[in-house]
Protein chains: 2
Amino acid sequence: MAVAKLARTAPSPQATCTPISCKKCGVYQLCVPLGVDGTDLALLESIVKRKEVYKRGQVLFRPGERFDCIYALRSGSVKTSVISADGRVQIAGFHVAGELLGLSAYASGQYSCEATALETISVCKVEVERLDQLAKTMPSIYFEMLKISSEQIRRDEELMLLLGTRRAEERLAEYLIGLSRRFASRNYSATQFRLSMSRKDIGSYLGMAEETVSRILARFQEDGCISIAHREVHLNDLDRLSAIARNAGNV
Amino acid sequence: MAVAKLARTAPSPQATCTPISCKKCGVYQLCVPLGVDGTDLALLESIVKRKEVYKRGQVLFRPGERFDCIYALRSGSVKTSVISADGRVQIAGFHVAGELLGLSAYASGQYSCEATALETISVCKVEVERLDQLAKTMPSIYFEMLKISSEQIRRDEELMLLLGTRRAEERLAEYLIGLSRRFASRNYSATQFRLSMSRKDIGSYLGMAEETVSRILARFQEDGCISIAHREVHLNDLDRLSAIARNAGNV
DNA sequence: CGACGGTTTGAGCACCTTCAAGGAATGTGG
DNA sequence: CCACATTCCTTGAAGGTGCTCAAACCGTCG
């Protein structure tokens, strides 16, 4: 498989890579299961615009804008947020390299949420129009996107469970564990990483005030299960964190 | 279009109707945009199992079960819930006639949530395997399902916004308004309807205790903006409810 | 260096939960 | 059809979690 070969030539996170070949790019997630061969590969590359870079705070898309591109995140992290009529903000998701953004716009043709870079990021933009055209000859593209969407729904269900049934302390413990798993699955350290979100964003994501985030992180540190300075976290005791998340006060 | 014609022959909610033709059935939502003609129609009917009936409290599918069918709800209502490891339950959604259930299982091949009938319901079961086969000759099926999924994601984002940023009173007002809109869009009364969920389920859906639901509903009634007896609700003042949902105490 | 955003910490209080108990409605079995 | 069991709903009282407001600290960036 051409793609696999290409992937092998550029597997490291830092290396430059074509949109299709890079394992850390969401387009890979979309294309590899299709079993693309040499010809198709050229096709696929034709729909992927050259990568773009956004700086911290820049917005990829806003609610109401015409849905013209799907964004495949190659590096860095992005938050997506929904905003109510009266201006309250809920962070709906937090995305890292290898994930696709903008899919929820398919139904209405407009983006429903806002996507903001949390640090300098690099994305591949995939034009929906050309993707739709391509899908005529390669229908399985929609199937792969359907699977990705369905995965998103599953994650959303999890977040709802978190927001609806857990106390602040449990939510935050769960959040840290989730980050840990996510980093681990991408071959980064599971116990030491950098929070790219501010306390305020974490609070918004988890449905609590930023002060509460601060206080609970401090409490975790007193307990010894984490060490935290600025945005650098070290998880000292994952079991204990899990126990807290499960509301089992002591291990 | 054959489908449209069929639909016209059986438009009333009470009339018996084929799975494909019935406007109140989710399969319709899936098939009509495909522009199915006579031949395709036969194809489509071939994948839809004869309707099944579930009674109140019966479970359509559970987390972990093999994903073999998509359920199109023809009548009645269904709740979907997710359950955490320690047994806490979050109602993730509430579905009425015309909606599809089970799509979030596509990614993993297993259902991720539990679907329970809230009253006697009638569903069409669509076998995934046969749907996948059919999609080979009619690829747009996946596109339509992708759109439906993306709509689901949008709704989930809304619920997260509700759970994360609103106070109990606002959430409940929003919930009633949402129900009202949903009924209105299906040509039922927008101001008078029956709650098919228990107070407990509503509470779980909105992330609050059932007692809180009771108390706030009573407060709404005192204020005069709703009348409620048992599960029969009448919305007397939708504007006022909207104002409450927006945290604008007085109209 | 000064300004600014992000973070921490404190105090008081509001909202909502928990626990408890009684009443209404629904369903079940005799 | 009635008696009983069960679930659902309501209401009260007490207490805690987490919010708001406020102020100070820190790190970063121009």
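Residues numbered from 1 in each chain as written. Chains lettered and ligands numbered in written order. Predicted model: local features only at pLDDT ≥ 70, side-chain atom pairs only at ≥ 80, totals over all residues. Heavy atoms only, no water.

K.L.:
Whenever I open this one, helix H9 (residues 238-245) of chain B confuses me. Can you help?
P.N.:
Residue and element names in this part refer to chain B. For H9, a buried count of 6 out of 8 residues is recorded, marking the element as mostly surrounded by other parts of the structure. When we look at burial in H9, the residues that qualify are Arg240, Leu241, Ser242, Ala243, Ile244 and Ala245. Positioned one or two residues after H9, Asn247 has a phi angle of 65°, which is positive. (Buried < 20%, exposed > 50% of the residue type's maximum accessible area, 1.4 Å probe, protein only. Helix = DSSP H or I, 4+ residues; strand = E, 2+ residues; numbered from the N terminus.)

K.L.:
What is the right way to look at the protein's contact with DNA strand D in this model?
P.N.:
Close to DNA strand D lie 16 residues, the nearest being Ala168 and Thr212 of chain A together with Arg199, Ser214 and Arg215 of chain B. Within 4 Å of the protein, the contacting atoms of DNA strand D are 60% sugar and phosphate, with bases supplying the remainder. Ala209 of chain A is positioned such that a nitrogen or oxygen atom in its backbone is 3.2 Å from a phosphate oxygen of DNA strand D. Glu211 of chain A places a side-chain nitrogen or oxygen 3.1 Å from a base nitrogen of DNA strand D. Going through the elements one at a time, helix H8 (210-223) of chain A together with helix H8 (210-223) of chain B are the ones with two or more residues in the surface near DNA strand D. Grouping the constituent residues of the surface near DNA strand D by class yields 4 nonpolar, 5 polar and 7 charged. (Near = heavy atom within 4 Å. Polar contact = N/O pair within 3.5 Å; in protein donor to acceptor, adjacent residues only side chain to side chain. Nonpolar A, V, L, I, M, F, W, Y, C, P; charged D, E, K, R; others polar.)

K.L.:
What's the story with the nonpolar core in this structure? I'm lost.
P.N.:
It is characteristic of soluble globular proteins that their nonpolar side chains tend to be buried jointly. In this structure, Tyr106 and Phe220 of chain A together with Tyr106 and Phe220 of chain B are the most contacted members of the largest nonpolar core, which totals 144 residues. Filtering out sequence-adjacent residues up to four positions away, Tyr106 of chain B remains in contact with Phe143, Leu146, Lys147 and Ser150 of chain A together with Phe67, Ile70, Val128, Leu131, Asp132, Tyr142 and Met145 of chain B. (Core = buried A, V, L, I, M, F, W, Y, C linked by side-chain atoms within 4.5 Å. Contact = heavy atoms within 4.5 Å.)

K.L.:
Just to check I follow, could you spell out the packing of aromatic side chains for this structure?
P.N.:
Remark: the centre distance and the inter-plane angle together describe each pair of aromatic rings, the angle taken between the planes. All names here are of chain B. All told, the structure shown has 18 aromatic pairs over all chains when counted by the stated rule. Consider the rings of Phe61 and Tyr71, whose centres lie 5.4 Å apart with planes at 45°: the pair is tilted. One end of the pair, Phe61, is in strand S2 (residues 59-61); the other, Tyr71, is in strand S3 (residues 69-75), and 10 residues separate them in sequence. Under the relative-accessibility criterion, Phe61 is labelled buried at 1%. Since its relative accessible area comes to 4%, Tyr71 is described here as buried. (Phe/Tyr/Trp six-rings, centres within 6.5 Å; stacked < 30°, edge-to-face > 60°.)

K.L.:
What should I look at first to understand the pattern of salt bridges in this one?
P.N.:
Within this structure, the stated rule accounts for 31 salt bridges over all chains. Between Glu170 of chain B and Arg88 of chain A there is a salt bridge, with the nearest N and O atoms lying 2.9 Å from each other. On the criterion of chain membership, the pair formed by Glu170 of chain B in helix H6 (residues 168-185) and Arg88 of chain A in the loop between strand S4 (77-83) and strand S5 (89-96) is interchain, its members lying in two chains. A salt bridge links Arg167 of chain B to Glu170 of chain B; the shortest N-O distance between them is 3.7 Å. Arg167 of chain B sits in the partly exposed class, given a relative accessible area of 48%. The exposure class of Glu170 of chain B is buried, given its relative accessible area of 1%. Three or more residues joined by partner-sharing salt bridges are found here, namely Arg88 of chain A together with Arg167, Glu169, Glu170 and Arg219 of chain B. (Salt bridge = Lys/Arg side-chain N within 4 Å of Asp/Glu carboxyl O.)

K.L.:
Is there a simple way to think about the side chain of Arg171 of chain B in this case?
P.N.:
Residues and elements named next belong to chain B. Along the chain, Arg171 turns up in helix H6. Salt bridges are absent for the buried Arg171, whose nearest opposite-charge side chain, Glu170, sits at 6.9 Å. Separated by 2.5 Å, the side chain of Arg171 and the backbone oxygen of Leu206 make a polar contact. Apart from the residues within four sequence positions on either side, Arg171 is in contact with Leu162, Leu163, Arg166, Leu206, Gly207 and Met208. (Lys, Arg positive; Asp, Glu negative; His and termini not counted.)

K.L.:
Sorry if this is basic, but what is going on with the interface of chain A and chain B here?
P.N.:
Interface size is commonly expressed as the accessible surface area that is lost when the partners come together. Taken together, the contacts link 42 residues of chain A with 42 residues of chain B. For the pairing of chain A and chain B, the buried interface totals around 3800 Å² over both sides, and the portion due to carbon and sulfur atoms is 71%. Considering only the side of chain A, the residues that lose the most area to chain B are Arg88, Leu146 and Met160 of chain A, jointly responsible for 18% of the buried surface there. At the junction of chain A with chain B, the criterion picks out 2 salt bridges. The interface formed by chain A and chain B includes 12 residue pairs in polar contact (both at pLDDT 80 or more). Looking at the side of chain A that touches chain B, its residues break down into 20 nonpolar, 11 polar and 11 charged. (Buried area = accessible area lost by both parts, 1.4 Å probe.)

K.L.:
In this structure, what is going on with H8 of chain A? I would like to understand it.
P.N.:
Residues spaced three or four apart along an α-helix point in a common direction, a consequence of the helix completing one turn every 3.6 residues. All names here are of chain A. Over its 14 residues, H8 runs 20 Å from end to end, which matches the ideal 20 Å to within 8%, given 1.5 Å per residue. Those residues of H8 lying buried are Val213, Ile216, Leu217 and Phe220. Take H8 and look down its axis: the buried residues cluster within an arc of 105°, on one side only. Projecting away from the buried face of H8 at angles above 90 degrees are the exposed residues Arg215 and Glu222. Residues of H8 that are buried make contact with helix H6 (168-185), helix H7 (199-206), strand S10 (226-229) and helix H9 (238-245). Among the residues trailing H8, Gly224 stands out with phi positive, at a value near 90°. (Expected span 1.5 Å × (residues − 1). Arc of directions from axis to C-beta.)

K.L.:
Sorry, what's going on with the environment of Ala92 of chain B here?
P.N.:
Note that Ala92 of chain B resides in strand S5 (residues 89-96). Not counting residues within four places of it along the chain, the set of residues in contact with Ala92 of chain B comprises Glu157 and Met160 of chain A together with Thr80, Ser81, Val82, Leu159 and Tyr205 of chain B.

K.L.:
Can you walk me through the pairing of strand S8 (residues 121-127) of chain B in this structure?
P.N.:
Two faces, one strand: in a regular strand the side chains alternate between the faces of the sheet. All names here are of chain B. For S8, the tally of buried residues reaches 6 of 7 residues, placing the bulk of the element in the interior. Where S3 and S8 come together, 6 bridges link them in antiparallel fashion. Across the sheet, residue Leu73 finds its bridge partner in S8, namely Val123. (Pairing = 2+ DSSP bridges.)

K.L.:
In this structure, what is going on with the protein's contact with DNA strand C? I would like to understand it.
P.N.:
If you check the shell around DNA strand C, you find 17 residues, and the closest are Arg199 and Ser214 of chain A together with Ala168, Thr212 and His230 of chain B. For DNA strand C, the fraction of protein-proximal atoms (within 4 Å) that sit in sugar or phosphate groups is 60%. Interatomic distance of 3.5 Å between a side-chain N/O atom of Arg167 of chain B and a phosphate oxygen of DNA strand C. Elements with a minimum of two residues in the surface near DNA strand C: H8 of chain A together with H8 of chain B. When residues of the surface near DNA strand C are assigned to their parent elements, the largest contribution, 5 residues, is made by H8 of chain A. Tallied by class, residues from the surface near DNA strand C come to 4 nonpolar, 5 polar and 8 charged.

Function cannot be read off these values alone, since they describe shape.
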